[in-house]
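# Architecture at a glance
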Amino acid sequence: MNCNELAEVLADYLGDELSSVDRKAIQQHLSSCPTCAREVESLQETVTTLGQLDTISHADAAGQIRGLQIVQRRPVIQRFVLASLRIAAVLALGFVLGRASFESPTTSDVMPAGPSGDNRHAVAQASTGTIHPDWLVIAERINQNSSGLAGAFRHLAKDYKR
Amino acid sequence: MKRDIDLQSEAWANVYRWAYRFMRNHDGALDATQEVMLRSVQHGGANIKNDLGWLRRITVNHCIDALRKKRPVAVEELEPPNRQPSPVSEAIGTEAAEMIAAALERLTEQQRAVVIAKTYDGETFAKIAESMNLSIGTVKTHYLRGLSTLRNVLGKLREDR
């Protein structure tokens, strides 16, 4: 074997894919060629260095990852924006509900209404002007309608359509 | 948002093993495994676990990035007074892992994939060629050039330490 022939099978030699016969022929060449010997030895040392990084067994690895879950995290900026929007939404809702409950009429403030769609106008006449007439209508409907808030909204929707 | 994933799959145990090679501790390996799982779900869904070559490349690349970004730890922090010092083998393993990761980073993607598959998973050149859709000759060339570059880089890194 000469140097060129060795170069053709060097990858197989380092990768341990040569037969014992071929390995013997290479070793014979290396024993008589210092240049090839230095090259092959240095590459073998590199393979050995890489091999220092051993790892745990498959069974141990399977045990280590038991119970793992993927937690998909949003980017920090996105999380901050979403959190801010949520807080703002809660505050706005609280403000609106707070105003509505503060200003919502009591039963005695609401005029008794008939079954027709004039209720909205009749109630609006009784409004102090600071309360949105729709809230008064809703309150009135709740008082009158046995189906409660849902029914009140349904009637309100019908009134708007007229 | 949490997603359950089929942990019975052999693929994820392999991912953990590849990660552990470089991170050298459970927490680092676990973080890397979770990251790879997440990327695999985003990339290809449930079937990606069958593409071990892709998983291995992603895992190794992630670990190399993680080790590059790792903040150096002072020696005092490694040995708290109320504990026995870490065994020498662990310290050598960590240092070797960082050095090898730094050297692997200098390879091309294909050289790195071939060297990793050959060295750590013992795959034949024929199998590597098939999985990477390359000729066997090209794979062997990548292997030799990869080893040659690693030899030069590792030699320089040892001199610098």
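Now for a look at the structure at hand.

The rules we used
- Residues numbered from 1 in each chain as written.
- Chains lettered and ligands numbered in written order.
- Predicted model: local features only at pLDDT ≥ 70, side-chain atom pairs only at ≥ 80, totals over all residues.
- Heavy atoms only, no water.
- Contact = heavy atoms within 4.5 Å.
- Buried area = accessible area lost by both parts, 1.4 Å probe.
- Salt bridge = Lys/Arg side-chain N within 4 Å of Asp/Glu carboxyl O.
- Polar contact = N/O pair within 3.5 Å; in protein donor to acceptor, adjacent residues only side chain to side chain.
- Helix = DSSP H or I, 4+ residues; strand = E, 2+ residues; numbered from the N terminus.
- Nonpolar A, V, L, I, M, F, W, Y, C, P; charged D, E, K, R; others polar.
- Patch = residues over 30% accessible without salt bridge, like charges linked within 9 Å, V, L, I, M, F, W, Y side chains within 5 Å.
- Areas by Shrake-Rupley, 256 points an atom, 1.4 Å probe, with all protein chains shown as cover.
- Buried < 20%, exposed > 50% of the residue type's maximum accessible area, 1.4 Å probe, protein only.
- Expected span 1.5 Å × (residues − 1).
- Core = buried A, V, L, I, M, F, W, Y, C linked by side-chain atoms within 4.5 Å.
- Axes fitted to C-alpha atoms, helices over the stretch in contact; angles between N-to-C directions.
- Parallel < 35°, antiparallel > 145°, perpendicular 65-115°, else oblique.
- Left-handed = near helix turned anticlockwise from the far one by under 90°.
- Phe/Tyr/Trp six-rings, centres within 6.5 Å; stacked < 30°, edge-to-face > 60°.

### Quick notes on the interface of chain B and chain A
Each partner contributes to the interface: chain B provides 44 residues, whereas chain A provides 31 residues. Counting each side, the surface lost to burial between chain B and chain A is near 3,600 Å², with a carbon and sulfur contribution of 64%. Inspection of the chain B/chain A interface yields 4 salt bridges. Between B:R151 and A:E39 there is a salt bridge, with the nearest N and O atoms lying 3.1 Å from each other. At the junction of chain B and chain A, the tally comes to 13 residue pairs in polar contact (both at pLDDT 80 or more). Elements represented by at least two residues in the side of chain B that touches chain A include exactly β1 (2–3), α1 (10–23), α2 (26–44), α5 (88–104), α6 (109–121) and α8 (136–160) of chain B. Taken together, the residues that form the side of chain B that touches chain A break down as 23 nonpolar, 9 polar and 12 charged.

### Things to note about a nonpolar patch on the surface
Residues and elements named next belong to chain A. Nonpolar side chains collect at one region of the surface, where I77, F80, V81 and L85 lie side by side and expose about 450 Å² of accessible area between them. For L85, the position within the fold is in helix α5 (residues 76–103). A relative accessible area of 54% means that L85 is categorised as exposed.

### A few points about α6(B)
Residue and element names in this part refer to chain B. For α6, which comprises 13 residues, the first-to-last C-alpha distance of 17 Å matches the rise-based estimate of 18 Å (1.5 Å per residue) to within 8%. Three or more residues of α6 are buried, namely Q111, R112, A113, V114, V115, I116, A117, K118 and Y120. Remark: G122 follows α6 within two positions and exhibits a positive phi of approximately 60°.

### Section: the nonpolar core
Judged by nonpolar contacts, the single largest core of 61 residues is most densely connected at A:Y13, B:F22, B:L55, B:L104 and B:Y143. It is α1(B) that contributes the most residues to this core, 9 residues altogether. Other than its neighbours up to four places away in sequence, A:Y13 contacts A:L18, A:R23, A:I26, A:Q27, A:L30, A:V40 and A:Q44.

### Here's the deal with the packing of helix α1 (residues 3–14) of chain A against α8(B)
The N-to-C vectors of α1(A) and α8(B) enclose an angle of 75°; their axes lie 10 Å apart at closest approach. In terms of axis orientation, α1(A) runs roughly perpendicular to α8(B). Of the residues in α8(B), those touching α1(A) at A:L10, A:A11, A:D12 and A:L14 are B:K140, B:Y143, B:L144 and B:L147. A per-class count over the contact of α1(A) with α8(B) returns 6 nonpolar, no polar and 2 charged.

### Points about the packing of α6(B) against helix α7 (residues 125–132) of chain B
Residues and elements named next belong to chain B. Between α6 and α7, whose axes approach to 10 Å, the crossing angle comes to 140°. By the angle class used here, α6 and α7 are oblique. The two elements α6 and α7 cross, and the hand of that crossing is right-handed. Of the residues in α7, those in contact with Q110, A113, V114, A117 and K118 of α6 are F125, I128 and M132. Of the residues that constitute the contact of α6 with α7, the class distribution is 6 nonpolar, 1 polar and 1 charged.

### Observations regarding the packing of aromatic side chains
All names here are of chain B. Counting across every chain of the model gives 3 aromatic pairs over all chains. A centroid spacing of 6.2 Å and a plane angle of 80° characterise the contact between F22 and Y120, whose relative ring orientation is edge-to-face. Within this pair, whereas F22 is found in helix α1, its partner Y120 is found in helix α6, the two being separated by 98 residues in sequence. By relative accessible area, which is 10% here, Y120 ends up buried.

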